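Take a look at the letters that make up each chain.
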Amino acid sequence: MIHKTITSQEDYLRAEEHKKLKIRFYQVALFVILLATWELTSSLHIINPFIFSSPSRIIKCFCDMIVDKTLFLHIGVTLFETLTSFLLVILLSFFVAIFLWWNDTLSHVLEPYLVVFNSLPKSALAPILIVWLGNNMKTIIIAAISVAVFGSILNLYTGFCSVDPDKIKLIKTLKGTKLDCLKLVVIPSSIPLLLSIMKVNIGLSLVGVIIGEFLAARNGLGYLILYGSQVFKLDWVLMSIVLLCMMAMGLYSAINFAEKMYLRQF
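Residues numbered from 1 in each chain as written. Predicted model: local features only at pLDDT ≥ 70, side-chain atom pairs only at ≥ 80, totals over all residues. Heavy atoms only, no water.

In the annotation of an unreviewed UniProt entry, the protein chain is listed under the name ABC transporter permease and assigned to Candidatus Scybalomonas excrementavium. According to the UniProt record, the Sequence similarities (unreviewed entry) comment for the protein chain reads "Belongs to the binding-protein-dependent transport system permease family." On record in UniProt, under Subcellular location (unreviewed entry), the comment for the protein chain is "Cell membrane". (UniProt positions renumbered as here; feature names shortened; annotations may be inferred.)

Right, here's the structure in full:
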């Protein structure tokens, strides 16, 4: 009986591993087919290669900009702005959510304003930020923060308020303070939620940075997209978009890995 159970488990694990490999194969195959179709239709002029470019032209453009070292500057600027805004969003969201949880009256006063600011199209704020702060990196970082911070505060605050009330009552019964409730229950219980919010915020921070670079940048991938479209160097535009996709995947994967490591430990 035990042997049959072990065999069934092994068969199940093998089937799951086979399923994962099959899904990965289909993903890679679809990606290769799309690239090959794009290259073929561009080389045969089924689509206009000047407008739609092609994988080979993008690779050539990438190599040329690597040789003259201009691409490293643009990637580095966008990555720095994204990580800076992301860290500031997490810190602001965390401490503001704690402040709102601590003070019920203040949370009820500010909640409708947070909802309104979260619903506001953030691209509408960017021109105002340029007038207030000038055409510089600070404006871009604040524009990126505005994209993610309000939703992050609301989600974290909702998570804090959703913590098991019985655990809170237990600490209060044992003469614990509100600070004890925060340290022993609220924050530990909300770490998985915080990691989940971080996965969303890294993408939103990148979006906010690109919005800011469209309006107030002299370097960065957003600037390269805008400038390339203005001078009709669409290879630059598509190469920058591909790099942004790779950057987003890399940043998301890093946070996803951190989440898996945390869940494995606990």
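Engineer: Which residues make up the UniProt feature "transmembrane region" (unreviewed entry) in the protein chain, and what are the values?
Structural biologist: The sites that carry the UniProt feature "transmembrane region" (unreviewed entry) are, in the present numbering, residues 28-51, 71-101, 113-134, 140-163, 184-216 and 236-258. Spanning residues 71-101, this segment combines 100% helix with 0% strand, and its end C-alpha atoms are found 45 Å apart. Secondary structure content for residues 140-163 is 92% helix and 0% strand, and the end C-alpha separation is 35 Å. (Helix = DSSP H or I, 4+ residues; strand = E, 2+ residues; numbered from the N terminus.)

Engineer: How would you sum up a nonpolar patch on the surface? Please name residues and give values.
Structural biologist: Judged by side-chain polarity, Val-109, Leu-110, Tyr-113, Phe-117 and Leu-120 come together as a nonpolar surface patch covering roughly 440 Å² of accessible area. Of note, Leu-120 is situated in the loop between helix H5 (104-119) and helix H6 (126-133). Take Leu-120: its relative accessible area is 31%, and that puts it in the partly exposed class. (Patch = residues over 30% accessible without salt bridge, like charges linked within 9 Å, V, L, I, M, F, W, Y side chains within 5 Å. Areas by Shrake-Rupley, 256 points an atom, 1.4 Å probe, with all protein chains shown as cover. Salt bridge = Lys/Arg side-chain N within 4 Å of Asp/Glu carboxyl O. Buried < 20%, exposed > 50% of the residue type's maximum accessible area, 1.4 Å probe, protein only.)

Engineer: Give me the lowdown on the packing of helix H4 (residues 70-102) against helix H9 (residues 178-216), citing residues and values where you can.
Structural biologist: Orientation of H4 relative to H9, taken along the N-to-C sense of each, is 145°, at an axis distance of 7 Å. Judged by the sense of rotation from one axis to the other, the crossing of H4 with H9 is right-handed. Here the contact of H4 with H9 is composed, by residue class, of 19 nonpolar, 5 polar and 3 charged. (Axes fitted to C-alpha atoms, helices over the stretch in contact; angles between N-to-C directions. Left-handed = near helix turned anticlockwise from the far one by under 90°. Nonpolar A, V, L, I, M, F, W, Y, C, P; charged D, E, K, R; others polar.)

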